[in-house]
Amino acid sequence: GNSVTQMEGPVTLSEEAFLTINCTYTATGYPSLFWYVQYPGEGLQLLLKATKADDKGSNKGFEATYRKETTSFHLEKGSVQVSDSAVYFCALVVLNSGYSTLTFGKGTMLLVSP
Amino acid sequence: EAGVTQFPSHSVIEKGQTVTLRCDPISGHDNLYWYRRVMGKEIKFLLHFVKESKQDESGMPNNRFLAERTGGTYSTLKVQPAELEDSGVYFCASSRNSVSEAFFGQGTRLTVV
């Protein structure tokens, strides 16, 4: 089956610190990989995605590279801001099976202090 | 263009009561999904509609949960009778087709006491 494992939180950082949130996966078939973010009081938003090995997804200063050899999709940002405080979810979908296969990790809360 | 809208945003009910959650997808999106996040756990798939038809309901936990999408527009998810373990955040998402990006609503936080 499909599964996603991401690091437990909360992750607490000071503004301008470097962020890494680890994510590894197992999948039946060739997955597309995603990071979703949920800001306080808001819905889930797609942050970035990658659809094949070695692709790098990027958005709002966040990056993640699809590593097939290590089955990983770690999220990084060079300098976090207070406004990045949110819950981050790593996810995968096997696209030819549709979004009913969308599989999430447990989520990692990020808290950034000034 | 309006996004996916869910009502209510929060609901607190007593064990044994009935609650109905509603989801309005993005206009023109035939595919509608329900997911649930129980506290501290993964967001789990519940079911998938294509228009008014249930395409996949393999994630529905038991027969206390009933989802409908009459007319293929908005969807409701009824929990009857609610149990304590039903507490969590219920997310709805919609997409134009089954392989295009799914857009999520803000979720309904359900607390059963």
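For the structure itself, look to the data block above.
Everything in this summary refers to the structure shown in the same document. (Residues numbered from 1 in each chain as written. Chains lettered and ligands numbered in written order. Predicted model: local features only at pLDDT ≥ 70, side-chain atom pairs only at ≥ 80, totals over all residues. Heavy atoms only, no water.)

1. Notes on the overall build of chain B
Then comes step 1: On a plain count of helices and strands, chain B comes out with zero helices and 11 strands.
Then comes step 2: Start at the N end of chain B and walk to the C end: the helices and strands fall as β-β-β-β-β-β-β-β-β-β-β.
Then comes step 3: A compact globule built from 113 residues should have a C-alpha radius of gyration of about 13 Å, and chain B, at 13 Å, falls within 12% of that.
Then comes step 4: Judged by the C-alpha coordinates and their principal axes, chain B covers about 35 × 25 × 25 Å.
Then comes step 5: In chain B, the proportion of contacts linking residues at least 24 apart, taken out of those at least 6 apart, comes to 52%.
Then comes step 6: For chain B, the accessible surface area stands at approximately 5,500 Å², while carbon and sulfur atoms represent 48% of it.
Then comes step 7: On chain B, the mean spot of the 13 positive side-chain charges and the mean spot of the 13 negative ones are 3 Å from each other. (Helix = DSSP H or I, 4+ residues; strand = E, 2+ residues; numbered from the N terminus. Rg over C-alpha atoms; globule rule 2.2 N^0.38 Å. Contact = heavy atoms within 4.5 Å. Areas by Shrake-Rupley, 256 points an atom, 1.4 Å probe, with all protein chains shown as cover. Lys, Arg positive; Asp, Glu negative; His and termini not counted. Charge placed at Lys NZ, Arg CZ, Asp CG, Glu CD.)

2. A look at the sheet that holds strand β7 (residues 65-68) of chain B
Neighbouring strands of a sheet are bound in pairs by backbone hydrogen bonds; such pairs are parallel or else antiparallel.
Residues and elements named next belong to chain B.
Then comes step 1: Here four strands make up an open sheet; going across it, the order is β1-β3-β8-β7 and the pairing antiparallel. Of all the strands in the sheet, just β1 (5-7) and β7 have a single pairing partner and so form its edges. Averaged over all neighbouring strand pairs, the angle between strand axes comes to 15 degrees, with direction disregarded.
Then comes step 2: Strand direction decides the pairing type here: β1 and strand β3 (residues 19-24), joined by three bridges, are antiparallel. Each bridged residue has a counterpart across the sheet, and for Q6 the counterpart in β3 is C23. (Pairing = 2+ DSSP bridges. Axes fitted to C-alpha atoms, helices over the stretch in contact; angles between N-to-C directions.)

3. Overview of the interface of chain B and chain A
Then comes step 1: If you look at the interface, chain B gives 19 residues, while chain A gives 17 residues.
Then comes step 2: Buried surface at the junction of chain B and chain A, both sides included, amounts to about 1,600 Å², of which 60% is carbon and sulfur.
Then comes step 3: Together, E42(B), I43(B) and F104(B) form the three largest contributors to the area buried by chain B at its contact with chain A, with a combined 33%.
Then comes step 4: Of the residues contributing to the side of chain B that touches chain A, the split by class is eight nonpolar, six polar and five charged. (Buried area = accessible area lost by both parts, 1.4 Å probe. Nonpolar A, V, L, I, M, F, W, Y, C, P; charged D, E, K, R; others polar.)

The values are spatial; any link to function lies outside them.
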